[in-house]
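The lines below spell out each chain.
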Amino acid sequence: MVPAMSVIKTEHLTKKYKQLVAVDDISLEIEEGECFGLLGPNGAGKTTLIKMITAVSPPTAGEMWIQGKSLKHFARQAKAVLGVVPQMDNLDPDLSVLQNLLTFARYFDIPRDEASRRSREVLKLFELEGKQNSQIRELSGGMKRRLLLARGLLNHPRILVLDEPTIGLDPQAKYLVWHKLAELKSQGVTEFLCTQNMEEATTLCDRVAIMHQGKILSLDKPQELIYRYVGREVIEVEVSPEERGRAIAELQSRQLDFEDAVSRIYVFHVDGDKLVQGIASSPDKLKRRPATLEDVFFRLTGRSLIE
Amino acid sequence: MKLFSWRFIRVWQRDRDVFLKLWHSEAPGFVAEPIIILLAMGTGLGAYVGLVDGQKYIEFIVPGIIASYAMFSASFECTYGSFVRMEFQRTFDAIIATPLNVEDVIAGEIFWGATRSFMTGTAILIVASAFGLVHSLWALIIPPLAFLEGLMFASIAMLITSFAPSIYSFNYYFTLVVTPMFFFSGVFFPLSSFPEIVQTMSWVVPLTPVVHLTRALVSGQFSLPLLLALTLIIVLTVAFFLTSLTTMKRRLTA
Ligand SMILES: Nc1ncnc2c1ncn2[C@@H]1O[C@H](COP(=O)(O)OP(=O)(O)OP(=O)(O)O)[C@@H](O)[C@H]1O
Ligand SMILES: [Mg+2]
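Note that the coordinates shown come from a computational prediction; the quantities given were computed from them, not determined experimentally.

Visitor: Hey, could you go over the overall build of chain A for me, with residue numbers and the actual values?
Guide: For chain A, the count of helices and strands is ten helices and 14 strands. A separation threshold of at least 6 residues defines the contact pool for chain A, and within that pool the share at least 24 residues apart is 68%. Here chain A displays about 14,200 Å² of accessible surface, and carbon together with sulfur accounts for 51% of that area. Where the 42 positive side-chain charges of chain A centre and where its 43 negative ones centre are 4 Å apart.

What follows is the structure, encoded as structure tokens:
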């Protein structure tokens, strides 16, 4: 049963909340040293999946291993090597910034002197040295996020599990975090990154899974996903309501792969302009651009809001 | 069912650190109130009350005040206090993502609640001794007894917390359970002055054995079935402690 050297492995992992199946039979293997991205719309089950692999919430069915050890029996050992950055702020508002880190380090049995050294180190890393004596309520939203990231690194984790780590960060802070995540990866740290930021996933992740309604719809290298589902480039055609019917009929007759988003039509898997000539009423209503992971995301999970 | 590990001490340390940082904002109330009650009731009401054996009324109520306020300390800490940490601050969620598990967190909270009882009980004891109201060296056992009592009431409180849908739910617990205990456990009047039925009921209320034990330790007179009282406290503590671990686990890992 125990797998070769997947750092994180799940088999038929399922989580039900009453009638709702939040995570539905997911089997995954994350390799050592890889950055694995998890994308999915709100409510897809990403956070629920993360809570299970970080041993915070037990699965309804299925099994998990961290570094080859079953989470059922070795939860403490697993949690000792995990660095977790949660989606929701759970910093300790009764304690100052520095005390938050020192107290957290104590949960990992890091001796006092070492804890103090590491705390200062991570504060510096996320440019929070000036705030070490502040209370949590005195921090801005982005500073809290950075402190959560800093806290997640205190135990020098071999596996980092990040639930939307850069949400609410300004561009400077976001790049700082990306840079740090890339650096940690180069040191052999495995990263499990859940994000809504497509650029982040494309930049950082070796492989990306797209999750929807508790299931993984597709999983591959970001470029592979893009080539497979949308091709190298996408053509966006702006259409007025009157033109729409004709344009769609035309695209269908040419057997093109397209998606109708009402005021705009996206055409995929096109090489060269010839195929789409004459679809738009004028050339300036037609825009070509490189395909992105966001196109894949929309293709797989749809354009409407999911409740 | 899993038990807790020594790691619970990390949670206890966290609560202690917060207390040491913020104690001046709440702790004096926990000592001032019982002293005021003691003096007001003891001197005011005491002028009208004659006890059979000629004991001063204020001396009669000292042990009950110690036991009651020790009860209040643990009860507040592990209802309102724990609920705020669990639901509003998500402190428990943060801790269970580290090598600690739910059982460690709950045990740490309960031991911290007991520590609050210990501190309150000891503080009142010191003040009462300073007023010359304590006559026996046996009273030195009161602080550890207050700790044990704290474990019991913290465990009961934690059980309530594990079911509480909102923070206002605790108002029921305090008005319907804790406050009546304060009046019907022999704190202010000897149990013998109550009707038979109240006397019997009083013995199944967890505060009663603590009041009897504390009274014996303050006076140095051991007459009642005190071993039974101690056994009762221990049995209730173990039962509520284990139950609250289970129900809290269910709530936190849903
Ligand atoms: N504790 C809970 N009790 C009941 N249902 C829950 C609970 N937590 C999550 N859910 C439900 O499970 C589903 C998945 O939620 P989850 O938080 O995992 O989504 P997510 O992919 O992280 O979404 P987001 O991008 O908004 O963070 C949702 O339908 C949510 O309502
Ligand atoms: Mg989420």
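Visitor: Please provide a residue-by-residue account of the nonpolar core, values included.
Guide: Leu147(A), Leu293(A), Ile106(B) and Leu207(B) are the most contacted members of the largest nonpolar core, which totals 127 residues. Per-element accounting of this core gives the leading share, 15 residues, to helix H3 (residues 57–88) of chain B. Built from parts of two domains, this core gets at least three residues from each of domain 1 (6–226) and domain 2 (231–291) of chain A. The residues touching Leu207(B), leaving out its near neighbours within four places in the chain, are Ala67(B), Ser68(B), Met71(B), Glu149(B), Phe153(B), Met181(B), Phe182(B), Ser185(B) and Val187(B). Listed in part, the 26 residues of the second largest apolar core include Val23(A), Ile30(A), Leu49(A) and Ile50(A).

Visitor: Before we move on, could you go through the pattern of salt bridges and cite the residues and values that matter?
Guide: Residue and element names in this part refer to chain A. Scanning all chains against the criterion turns up 35 salt bridges over all chains. Between Glu 29 and Lys 9 there is a salt bridge; the shortest N-O distance is 3.3 Å. Remark: Lys 9 occurs in strand S1 (residues 6–17) and Glu 29 occurs in strand S2 (residues 20–31); sequence separation between them is 20 residues. The exposure class of Glu 29 is partly exposed, given its relative accessible area of 36%. According to the relative accessible area criterion, Lys 9 is buried, its value standing at 8%.

Visitor: How would you summarise the site of ligand 1 if you had to cite specific residues and measurements?
Guide: Residues and elements named next belong to chain A. Around ligand 1 sit 14 residues, and of these Gly 43, Lys 46, Thr 47, Thr 48 and Gln 87 come closest. Between ligand 1 and Thr 48 there is a distance of 2.5 Å, counted from an oxygen atom to a side-chain nitrogen or oxygen. Within the contact set of ligand 1, an oxygen atom lies 2.9 Å away from a side-chain nitrogen or oxygen of Gln 196. Burial of ligand 1 by the protein chains amounts to 63% of its free accessible area of 640 Å². Listing elements by their share of the shell around ligand 1, those giving two or more residues are S2 and helix H1 (46–53). For the shell around ligand 1, the leading source of residues is H1, giving three residues.

Visitor: Summarise the interface of chain B and chain A; cite the residues concerned and give the values.
Guide: In this assembly, 25 residues from chain B lie in contact with 25 residues from chain A. Approximately 2,300 Å² of surface area, both sides summed, lies buried where chain B meets chain A, with 52% of it carried by carbon and sulfur atoms. Inspection of the chain B/chain A interface yields six salt bridges. Viewed at the interface, chain A and chain B are joined by 17 residue pairs in polar contact (both at pLDDT 80 or more). For the side of chain B that touches chain A, the secondary structure elements donating two or more residues are helix H1 (8–22) and helix H4 (91–96) of chain B.

Visitor: So what's going on with the packing of helix H6 (residues 142–163) of chain B against helix H9 (residues 207–219) of chain B? Which residues, and what values?
Guide: Residues and elements named next belong to chain B. The geometry of H6 relative to H9 is characterised by a closest axis approach of 11 Å and an angle of 175° between their N-to-C directions. Classified by the angle their axes make, H6 and H9 are roughly antiparallel. Residues Ile 142, Leu 145, Glu 149, Met 152 and Phe 153 of H6 form the contact with H9, whose own contacting residues are Leu 207, Val 210, Leu 213, Thr 214, Leu 217 and Val 218. Looking at the contact of H6 with H9 residue by residue, the class counts come to nine nonpolar, one polar and one charged.

Visitor: Break down the sheet that holds S2(A) for me, citing the residues and quoting the values.
Guide: Residues and elements named next belong to chain A. Spatially, four strands are ordered S2-S1-S4-S5 in an open sheet, and the strand pairing comes out antiparallel. Strands at the two margins of the open sheet, each flanked by one partner only, are S2 and strand S5 (69–70). In this structure, strand S4 (residues 61–66) lies alongside S5, joined through two bridges in antiparallel fashion. Paired with Ile 66 across the bridge in S5 is Lys 69. Contacting S1, S2 and S4, H1 runs over the sheet at an angle of about 120° to S1.

Definitions and limits used
Residues numbered from 1 in each chain as written. Chains lettered and ligands numbered in written order. Predicted model: local features only at pLDDT ≥ 70, side-chain atom pairs only at ≥ 80, totals over all residues. Heavy atoms only, no water. Helix = DSSP H or I, 4+ residues; strand = E, 2+ residues; numbered from the N terminus. Contact = heavy atoms within 4.5 Å. Areas by Shrake-Rupley, 256 points an atom, 1.4 Å probe, with all protein chains shown as cover. Lys, Arg positive; Asp, Glu negative; His and termini not counted. Charge placed at Lys NZ, Arg CZ, Asp CG, Glu CD. Core = buried A, V, L, I, M, F, W, Y, C linked by side-chain atoms within 4.5 Å. Buried < 20%, exposed > 50% of the residue type's maximum accessible area, 1.4 Å probe, protein only. Domains from an automatic or database assignment. Salt bridge = Lys/Arg side-chain N within 4 Å of Asp/Glu carboxyl O. Near = heavy atom within 4 Å. Polar contact = N/O pair within 3.5 Å; in protein donor to acceptor, adjacent residues only side chain to side chain. Buried area = accessible area lost by both parts, 1.4 Å probe. Axes fitted to C-alpha atoms, helices over the stretch in contact; angles between N-to-C directions. Parallel < 35°, antiparallel > 145°, perpendicular 65-115°, else oblique. Nonpolar A, V, L, I, M, F, W, Y, C, P; charged D, E, K, R; others polar. Pairing = 2+ DSSP bridges.

Without other data, these values stay purely geometric and don't point to any function.
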